Amino acid sequence: MIERILECLVLMLCVATGYILLPMFNFDDLLFLSAGVVIICAYRTLVPIFITGPLFDRIKTDYDETDRPVCRKKFAGHLNKFVLHLFLQVWGCMVLFDEGWFNSWFDLTGVWHEWDPHQEDAVTGTFRHYYLGQLAVFVSSILLQFVEPRSHDFVAMFAHHYGSATLIALSYLQNTHRFGILVLVGREVTDVMIHLARALGLAQSKRSSEAVLVLLTIAWGITRNWYHPVYLCHNAWHSPTYEYDANSWMAYNALLAFLIPLDYYYFGLAISAILRRIRNPHLKNIDPDTPGLTKQKAN
């Protein structure tokens with residue numbers, strides 16, 4: 001009963017946000033966004049059935065008949081997301097490094113150079129396609145959360161997807177896309193690693209999953225627990241957007257700050273996964289949503 005009420009409240013929040021933000025986009029943007037959501041939903045639904053699912057069947061694992069279907073579905077989903085986020089990471093780096101204003105990750109002076117909130121069609125070409133593509137990814141993730149198997153961190157993941165989608169939409173509408181792409185590309189690398197680590201863990205590739213998990217923890221600490229709050233949030237707080245619209249400035253900074261505790265929460269999960277592996281080296285995988293997590297290999 002409580003879960004149903006929570007889902008209704010979540011849906012109402014999504015509808016209210018869409019009702020406010022979507023009319024601000026032009027028709028071409030909405031058309032591209034809608035097509036992107038449909039394509040990504042189809043990709044995440046069909047590819048596990050025809051490609052990544054059958055791939056799991058070829059991998060030798062010692063799951064029993066009860067756990068194997070669940071692990072197969074989870075493996076297909078994580079491998080699917082790994083490929084998607086790897087594509088977005090490469091695409092984002094290509095777009096970012098092609099921008100003349102980008103000097104380095106620690107020199108953000110070019111972000112607000114000649115910034116004009118009233119400029120129409122400020123986001124064009126590949127930059128526009130990448131930005132709307134990222135928005136489509138998070139919108140599709142919100143929609144698929146209600147049809148995919150319920151994970152243990154459903155609420156936290158919804159909060160992350162909702163906050164990220166709203167941030168992307170606001171930055172696109174306010175022409176703060178230069179700052180937004182730094183946030184997206186800087187955080188994408190950990191999304192790539194986390195799904196790779198979980199896919200390898202479900203495939204019972206123990207050493208590989210452990211290595212990626214350690215690298216993930218290091219990258220997460222640098223990009224999300226240090227660079228995001230120290231450099232990006234500080235830069236956004238002192239940005240000239242306050243002079244343009246104080247309410248939008250406050251909402252944008254609040255959403256950026258909202259991601260910080262979520263990042264520390266997932267950082268704690270990564271640390272706990274490493275500690276579980278150290279305490280019990282015979283764990284089948286590191287996926288907390290999989291029944292086989294707590295079962296040991298037969299001696």
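Quick summary incoming for the structure in this document. In this text the structure is predicted, and so the values were computed from the model without any measurement.

Rules used throughout
Counting restarts for each chain, with residues numbered from 1 along the sequence as it is written. At least 70 in pLDDT is required for a residue's local features to be given in this predicted model, at least 80 for side-chain atom pairs to be given and counted, and no such filter applies to totals for whole chains, interfaces and linings, which use all residues. The basis for every side-chain value is the complete set of heavy atoms in the structure, and neither hydrogens nor water enter the calculation. Aromatic rings from Phe, Tyr and Trp, taking only the six-membered ring of Trp, are treated as a pair when their centres fall within 6.5 Å; an angle between ring planes under 30 degrees marks them as stacked, one over 60 as edge-to-face, and anything in between as tilted. In this text, helices come from DSSP runs of H or I with a minimum length of four residues, and strands from runs of E with a minimum of two, each type numbered from the N-terminal end. Each residue gets one of three labels from its accessible area relative to the maximum for its type: buried under 20%, exposed over 50%, partly exposed in between, using a 1.4 Å probe on protein chains only. A ring is scored as having a charge over it whenever the NZ atom of a lysine or the CZ atom of an arginine sits within 6 Å of its centre and within 35 degrees of its normal. Residues count as neighbours in contact if any of their non-hydrogen atoms are within 4.5 Å of one another. How far a helix is expected to stretch is found by multiplying one less than its residue total by 1.5 Å. Residue types Ala, Val, Leu, Ile, Met, Phe, Trp, Tyr and Cys, when buried and joined through side-chain atoms within 4.5 Å, form a set referred to as a nonpolar core. Any Lys or Arg side-chain nitrogen located within 4 Å of an Asp or Glu carboxyl oxygen qualifies as a salt bridge.

## Observations regarding the packing of aromatic side chains
For any pair of aromatic rings, geometry is given as the distance between the ring centres together with the angle between the planes. Within the structure shown, the criterion is met by 21 aromatic pairs. Ring centres 6.4 Å apart and planes at 50 degrees place the aromatic pair Trp220 and Tyr266 in the tilted group. Pair noted here: Trp220 is in helix α7 (residues 206-237) and Tyr266 is in helix α9 (residues 246-279), with a separation of 46 residues, a long-range link. The class of Tyr266 is buried, set by a relative accessible area of 11%. Feature note: the residues Phe97, Trp101, Phe102, Trp105, Phe106, Trp226, Tyr227 and Tyr231 constitute an aromatic cluster, connected by ring pairs. Directly above the aromatic system of Phe32 lies the positively charged group of Arg128, at a separation of 5.7 Å from the ring centroid.

## Examining the environment of Leu79
The residue Leu79 is located in helix α3 (residues 68-97) in this model. Of the residues examined, Leu79 reaches a relative accessible area of 16% and is grouped as buried. The sequence separation of Leu79 and Phe56 amounts to 23 residues, and the corresponding C-alpha distance is 10.0 Å. Beyond its immediate chain neighbours, meaning those up to four positions away, Leu79 contacts Thr52, Leu55 and Ala199.

## Comments concerning unusual backbone geometry
With a phi angle near 65 degrees, Asn175 is a residue other than glycine that sits in the positive phi range. In this structure, Asn175 sits in the loop between α5 (154-173) and α6 (177-202). For Gln204, which is not glycine, the phi torsion reads 60 degrees and is therefore positive. Structurally, the position occupied by Gln204 is in the loop between α6 and α7.

## Side note on the environment of Ser171
Topologically, Ser171 is positioned in helix α5. For Ser171 and His161, which are ten residues apart along the polypeptide, the C-alpha to C-alpha distance reads 15 Å. Filtering out sequence-adjacent residues up to four positions away, Ser171 remains in contact with Tyr131, Thr176, His177 and Tyr252.

## Brief notes about α5
For α5, spanning 20 residues, the distance from its first C-alpha to its last is 28 Å, which sits close to the expected 28 Å at 1.5 Å a residue. Counting buried positions along α5 gives 17 out of 20 residues, so the element sits mostly inside the fold. Looking one or two residues past α5, Asn175 carries a phi angle of roughly 65 degrees, positive in sign.

## Remarks on the nonpolar core
With 60 residues, the main nonpolar core has Phe179, Ile181, Leu182 and Leu256 as its most contacted residues. Elements with a contribution of two residues or more to this core: α1 (2-21), α2 (27-57), α3, α4 (125-144), α5, α6, α7 and α9. In this structure, Leu256 is in contact with Leu167, Phe179, Val183, His228, Cys233 and Ala236, ignoring residues within four places of it in sequence. If you look at the next biggest cluster of nonpolar residues, it comprises ten residues, including Phe75, Leu79, Ala199 and Ala203.

## Here's the deal with the pattern of salt bridges
Taken as a whole and judged by the stated rule, the model has six salt bridges. Between Asp191 and Arg224 there is a salt bridge, with the nearest N and O atoms lying 3.0 Å from each other. Within this pair, whereas Asp191 is found in helix α6, its partner Arg224 is found in helix α7, the two being separated by 33 residues in sequence. We classify Asp191 as buried; its relative accessible area is 12%. In this structure Arg224 comes out as buried when scored by relative accessible area, which is 2%. Glu210 is the salt-bridge partner of Arg207, the closest N and O atoms lying 3.5 Å from each other. A residue pair is termed a helical-turn pair when its members lie 3 or 4 positions apart in one helix, as Arg207 and Glu210 do in helix α7 at three residues. Taken together, the shared-partner salt bridges connect Arg187, Asp191, Arg224 and Asp263 into one network.

So yeah, pure geometry; function would need other evidence.
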